Amino acid sequence: MAEAEPRGRAKEARDAGAARLAVRRTAKLYVGGAFPRSESGRSYPVTSAKGQHLANAAAASRKDARDAVVAARAAFGGWSGRTGYNRGQILYRIAEMMEGRHAQFVAEVVDADGVARNKAAALVSAAIDRWVYYAGWADKFSQVIGGSNAVSGPYLNLSSPEPTGVVAVIAPPQAPLFGLVSVVAPVIATGNTAVVVASERAPLPAVTLAEVLATSDLPGGVANILTGRLSEIAPHLATHADVNALDLAGAGDLAAGLEKDAAATLKRVLRPDPAGTDWTADPGLTRITPFLELKTVWHPVGV
Amino acid sequence: MSDEIFEYAPAPESRSVVSLRPSYQPYIGGELVPATSGESLTSVNPADEEPLAEVAVSGEEDVDRAVAAARRAFDTTWSAMPGAERGKYLFRIARILQERARELAVLETLDNGKPIRETRDLDLPLAAAHFFYHAGWADKLPHAGLGPDPRPIGVAAQVIPWNFPLLMLAWKVAPALATGNTVVLKPAETTPLTAMVFAEICQEAELPPGVVNIVPGAGPTGHTLVSHAGVDKVAFTGSTEVGRQIAATVAGTHKRLTLELGGKGANIVYDDAAIDQAVEGVVAGVFRNQGHVCCAGSRLLVQESVAEEFLPRLRERIERLRLGDPLDKNTDVGAINSAAQLGRIRDLAATGTAEGAEAWSPACELPERGHWFPPTVFTGVSQAHRIAREEIFGPVLSVLTFRTPDEAVAKANNTPYGLSAGVWTEKGARMLWTAERLRAGVVWSNTFNKLDPASPFGGYKESGYGREGGRHGLEAYLG
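No experiment lies behind these values; they were computed from the predicted model shown.

Chemist: What exactly am I supposed to notice about the interface of chain A and chain B here?
Modeler: Often, the extent of an interface is quoted as the loss of accessible area on bringing the components together. Taken together, the contact pairs 35 residues of chain A with 44 residues of chain B. Taking both partners together, chain A and chain B bury about 2800 Å²; carbon and sulfur atoms supply 52% of that area. Here chain A and chain B share 2 salt bridges between them. Taking the shortest distance from any N to any O, the salt bridge between Glu162(A) and Arg439(B) comes out at 4.0 Å. On inspection of chain A and its partner chain B, the count reaches 27 residue pairs in polar contact (both at pLDDT 80 or more). Elements represented by at least two residues in the side of chain A that touches chain B include exactly α6 (141-145), β4 (155-163), α10 (255-263) and β10 (292-300) of chain A. For the side of chain A that touches chain B, the element with the most residues is β10(A), which contributes 8 residues. By residue class, the composition of the side of chain A that touches chain B is 15 nonpolar, 12 polar and 8 charged. Relative to strand β17 (residues 442-445) of chain B, β10(A) is paired through 3 bridges, and the arrangement is parallel. If you follow Thr296(A) over to β17(B), its bridge partner there is Val442(B).

This is the structure in structure tokens:
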């Protein structure tokens, strides 16, 4: 087969006078801390906002989704058992590693969204800052949400929030990096583990984020990132009995059907905002509390 | 031992304080109005199968009218009323509940079959306490930690179960009203009567018409209500199966949903537990209210090294339970709420024996009339047995043993439910270690089945979502 005309950024690189053939990246999934190809052997072409071919991304199958849930479940005990302080350190480390790849993320956001370079740079900076923001929440949310309850009797009565478990996250397609970080960070900051379906249209920033996560002290399996066809992957996550919650931020027209699927196992569901989400707004606890349970412990007081 | 115990003379509570009407109608827009459905159901005393009253079944038109009345009240009066004023109505209701406590306790016992000792000492005081607690929130909502300007959601559809008819009403209605929402409530098919008296209490408190509406009926009425387009919020307490259906019904709508569903609570007794207290707690945990409690401790996990000491003392205590006339002030275990529920308990208990577990019940005579099931303890139970997995919702305890704390936690968590759990140990560090690992919304340590309006209640996993009570319970009613 004849060598195809270089496209996208590879073409830019050659036009810029590079004398060598660019080494292309094969975009893979991120599951259990490893980077497997799709078990199905399939991939799909990813194009830039202007229609140029950028890469082929792995098209995750039902089996890949199930493997990701297994990895997320395996990681849950260890991750939720860490101190909030330690999780905060690791989230901050993710921000550090992203900062080091700032230029790469900017180039990918330019390709994915077709936005100007300075706008893309602002989005990447905002995504990094969001990790820092949630790093700070990791050891504070339980003080804000929990507390002691004044029951009428001789009892100590304490309520404290706990992570709900494995959360399936449908990342918003229109904000492939900033939106992705905005939905993943709050889920794992509190000790949940995540199976994330990246933007189908623009998965490459998610693939790069996976590479960042893999080098950030984040234990394998805490965040798993799937690329592929949303309509194919998402229903398997919504019906999976070992998924505890569903963030439908990027589910679009599929949201109602997925919520109905989730009802069979009584998953916690965060619906997409019908008015659309302003990712730049201060999120506060809005994406934290939906993925927490509240445990109340009673103990008698006496001598 | 038992021959040394003298018989108690009957000490029945008088039912003269209750004046039953022959029939009851839906409460809509502040009035008791004839149902358009033309159908009715008969509420029966489960202790003697005597009919108590006819209660109209609310049809689609009735639900329509109730939702419209609630919407009108929400828009025109209730949501705009200063919180302090709303709170005063709740205080009034709390006081009337206290003033009519004896009448309501007797009526609840007649309609539900639970002992008067429990309706008098638990259900009624707690129901009043829920209105008192929430009354005080009505003018303090900006301090609830849910944002500076929390807003009510609108019309709340509330469907409650038959195990604590008035208490569940209080759990649902008090927070909804305190937060400025209006309510359409469907009481359970077999226990609607105290809700119908509550309608009178709303009138007596001069609650603005339409703020509370009550539409008695069975499953179809509930379905009509929760799927009604005019409803903004659905709150349901009941079975996990119906909870799933409701979650599917509201999927894709704007309706907010909270669910309090089934449970299969584990009571973990460690080898260093105070045995007598633990026995008391295990008995209260599963036999109170005939086991018709979603947070019942229906699985006993006892450490193997003390099982031989613990189980005889448990049996001895159970032999002291008095089963019989729920209106008798000495009765511990009353009647099973309905023939259908009795059938379910019998079927599940039969699978316990069929699957190889060993059943034990104290020698107690069951009354000839009414629905009765003796306190029952199954030993030799494995985790695979249906009686260890499925909610029985009756006075049936399954006993399993464990050797290590890790095994206790693993067994306790080995269920799709996650509502309640108990831990019995004198060692604080062990208690906290265990409580931390239990996947349940309420963990009682060295006590069981304690409830309080200030304490959030609700489940993990398939026991539902959302919390009721405390500051956290307000969240379900504020947008």
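Chemist: So what exactly am I meant to see when it comes to the sheet that holds strand β7 (residues 223-226) of chain A here?
Modeler: Hydrogen bonds between backbone groups are what pair the strands of a sheet, and the pairing can be parallel or antiparallel. Residues and elements named next belong to chain A. Across the sheet, 5 strands lie side by side as β7-β6-β5-β8-β9; this open sheet has parallel pairing. A single partner strand is all that each edge strand has here, and the edge strands are β7 and β9 (268-270). Sheet twist, expressed as the average angle between the axes of neighbouring strands with direction ignored, equals 15 degrees. Pairing analysis gives 5 bridges linking strand β5 (residues 166-170) to strand β6 (residues 193-197), with the strands arranged parallel. Each residue of the ladder has a partner; that of Val 169, found in β6, is Val 196. Helix α2 (residues 62-81) contacts β5, β6 and β7 of the sheet and is inclined by roughly 155 degrees relative to β6. Contacts from helix α7 (residues 178-189) reach β5, β6 and β8 (245-247) within the one sheet, and its direction differs from that of β6 by about 160 degrees.

Chemist: So what exactly am I meant to see when it comes to empty space enclosed by the protein here?
Modeler: The gaps left among the atoms become clear once a water-sized probe is rolled over them. All names here are of chain B. Considering all chains together, one arrives at 4 cavities of 30 Å³ or more under this definition. In this structure, the largest cavity is lined by 16 residues; those nearest its centre are Arg 299, Ala 412, Thr 415, Tyr 417 and Ser 420. For the lining of the largest cavity, the secondary-structure elements that each account for two or more residues are α13 (405-413) and β16 (420-424). Across the lining of the largest cavity, the residue classes break down as 7 nonpolar, 5 polar and 4 charged.

Chemist: Help me out: how do you make sense of the confidence of the model for chain B in this one?
Modeler: Detailed reading of predicted coordinates is not advised where the pLDDT is low. In this model, chain B carries an average pLDDT of 97, and 99% of its residues clear a pLDDT of 70 or more. Both confidence scores are given for the complex: pTM 0.95, ipTM 0.96.

Chemist: Teacher, can you tell me more about the sheet that holds strand β5 (residues 51-56) of chain B here?
Modeler: All names here are of chain B. Read across the open sheet, the 3 strands follow the order β1-β5-β4; overall the sheet is mixed. The open sheet has two free edges, formed respectively by β1 (23-24) and β4 (40-44), since each of these has just one partner strand. Pairing of β4 with β5, which is carried by 5 bridges, proceeds in the antiparallel orientation. Bridge pairing links Val 44 to Pro 51 in β5. Sheet strands touched by helix α6 (residues 193-204): β1, β4 and β5. Its angle to β5, the strand with the most contacts, is close to 60 degrees.

Calculation notes
- Residues numbered from 1 in each chain as written.
- Chains lettered and ligands numbered in written order.
- Predicted model: local features only at pLDDT ≥ 70, side-chain atom pairs only at ≥ 80, totals over all residues.
- Heavy atoms only, no water.
- Contact = heavy atoms within 4.5 Å.
- Buried area = accessible area lost by both parts, 1.4 Å probe.
- Salt bridge = Lys/Arg side-chain N within 4 Å of Asp/Glu carboxyl O.
- Polar contact = N/O pair within 3.5 Å; in protein donor to acceptor, adjacent residues only side chain to side chain.
- Helix = DSSP H or I, 4+ residues; strand = E, 2+ residues; numbered from the N terminus.
- Nonpolar A, V, L, I, M, F, W, Y, C, P; charged D, E, K, R; others polar.
- Pairing = 2+ DSSP bridges.
- Axes fitted to C-alpha atoms, helices over the stretch in contact; angles between N-to-C directions.
- 1 Å grid on protein atoms, 1.4 Å probe; cavity = no way out; pocket = protein on both sides within 12 Å on 5 of 7 lines; lining within 4 Å.
- Points joined across faces, edges and corners; volume = space filled by probe spheres on them.
- pLDDT = per-residue confidence, 0-100.

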